[in-house]
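Descriptive structure summary
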Amino acid sequence: MSDALSEAKSVFTSLRVALAVSGVLSLIVGILLLVWPAKSAGVLTWILALFLLVAGLTSIAIGIFSGKGGGWARVGYIALGLLYIVASVVAFANIATTTAVLAVIVVIFIGVSWIVDGIVSLTLLGQAASKGWTIAFAVISIIAGVVVLFSPLYAALVIWWILGITLVVVGIIQIIRAITLGKEEKTITNDIRTELG
């Protein structure tokens, strides 16, 4: 088998495996988000709390053992590490409450960003190629932002469902793409064989 043929097969195999693995993972995570929204959000909060713990310990270690930086930098690292650890302990102490608080904070951020995005679009109306679409986008963005701010928990649930559905759809598409890539591989490797004679 020639180098070109084996290289083509290797590239296609790598692509197929990557698409299949990411597709299966997306599908599994999407299904988990849809079937167990509260538990999956809790797992995400648990992972975040674990990350805070590791980041805190790392910051403290840098503050204690780092020879670089002055005394204030080292004190800053230690203080930041302690803050991370306290946040981690608080999160681990009550995962459900932390999950709800994080969901509300994220959704409020999304709502405010939609409102700001709509306002910015209106301020740039004079430069817009399509004023009608720009006004429509701005109005919808501002209204969506206000709705999200007035019902953040409901909005968090809806956004969680949209995320889950999106992951399921993307996972299915990636799995199908991995399967169809096998047919393309056969066509291209046959073309390479034909060219090589």
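Refer to the structure above for everything that follows.
Residues numbered from 1 in each chain as written. Predicted model: local features only at pLDDT ≥ 70, side-chain atom pairs only at ≥ 80, totals over all residues. Heavy atoms only, no water.

1. What about helix α2 (residues 37-65)?
The following threshold applies: Counting from the N terminus, the helices are DSSP H or I runs at least four residues long and the strands are E runs at least two residues long. Here the expected span of a helix is defined as 1.5 Å times the quantity of residues minus one. Remark: exposure states derive from per-residue accessible area (1.4 Å probe, protein chains only) relative to the maximum for the residue type, with buried under 20%, exposed over 50%, and partly exposed in between.
When the terminal C-alpha atoms of α2 are compared, their 42 Å separation across 29 residues agrees well with the 42 Å that a helix rising 1.5 Å per residue should span. Buried residues of α2: Ser40, Ala41, Gly42, Thr45, Ala49, Leu52, Ala55, Gly56, Ser59, Ile60 and Gly63, and no others.

2. Brief notes about a nonpolar patch on the surface
Applied cut-off: Patch membership is restricted to residues that have no salt bridge and whose relative accessible area is over 30%. Joining uses 9 Å for like charges and 5 Å for the nonpolar side chains Val, Leu, Ile, Met, Phe, Trp and Tyr. Here the Shrake-Rupley method, with its probe set to 1.4 Å, supplies the accessible areas, and only the displayed protein chains count as covering residues. Salt-bridge detection follows one rule: a side-chain nitrogen of Lys or Arg within 4 Å of a carboxyl oxygen of Asp or Glu.
Together, Val24, Ile28, Ile31, Leu32, Val35 and Trp36 make up a nonpolar patch on the protein surface, roughly 520 Å² of accessible area in all. Structurally, isoleucine 28 is set in helix α1 (residues 3-35).

3. Some details on the side chain of serine 59
Within the secondary structure, serine 59 is located in helix α2. The buried category is assigned to serine 59, whose relative accessible area is 8%.

4. Points about the layout of surface pockets
What counts, and what does not: Using only the protein atoms, space was sampled on a 1 Å grid; points where a 1.4 Å probe fits but cannot get out form cavities, open sets with protein on both sides within 12 Å along at least five of seven lines form pockets, and lining residues are those with an atom within 4 Å of a point. Grid points are joined across faces, edges and corners, and a volume is the space filled by probe spheres set on the points. Put simply, Ala, Val, Leu, Ile, Met, Phe, Trp, Tyr, Cys and Pro go in the nonpolar bin, Asp, Glu, Lys and Arg in the charged bin, and everything else, Gly too, in the polar bin.
Estimates place the volume of the largest pocket at around 520 Å³. Around the largest pocket, the lining comprises 21 residues; the ones closest to its centre are Ala41, Thr99, Ala103, Ala156 and Trp160. Looking at the lining of the largest pocket, the elements with two or more residues in it are α2, α4 (95-123) and α6 (152-196). Per-element accounting of the lining of the largest pocket gives the leading share, 8 residues, to α4. Within the lining of the largest pocket, the residues separate by chemical class into 18 nonpolar, 3 polar and no charged. Val29, Leu32, Leu33, Trp36, Lys39, Ser40, Val43, Leu44, Trp160, Leu163 and Leu167 together form the lining of the second largest pocket. Elements with a contribution of two residues or more to the lining of the second largest pocket: α1, α2 and α6. Considering every element that reaches the lining of the second largest pocket, the biggest residue donor is α2, with 4 residues.

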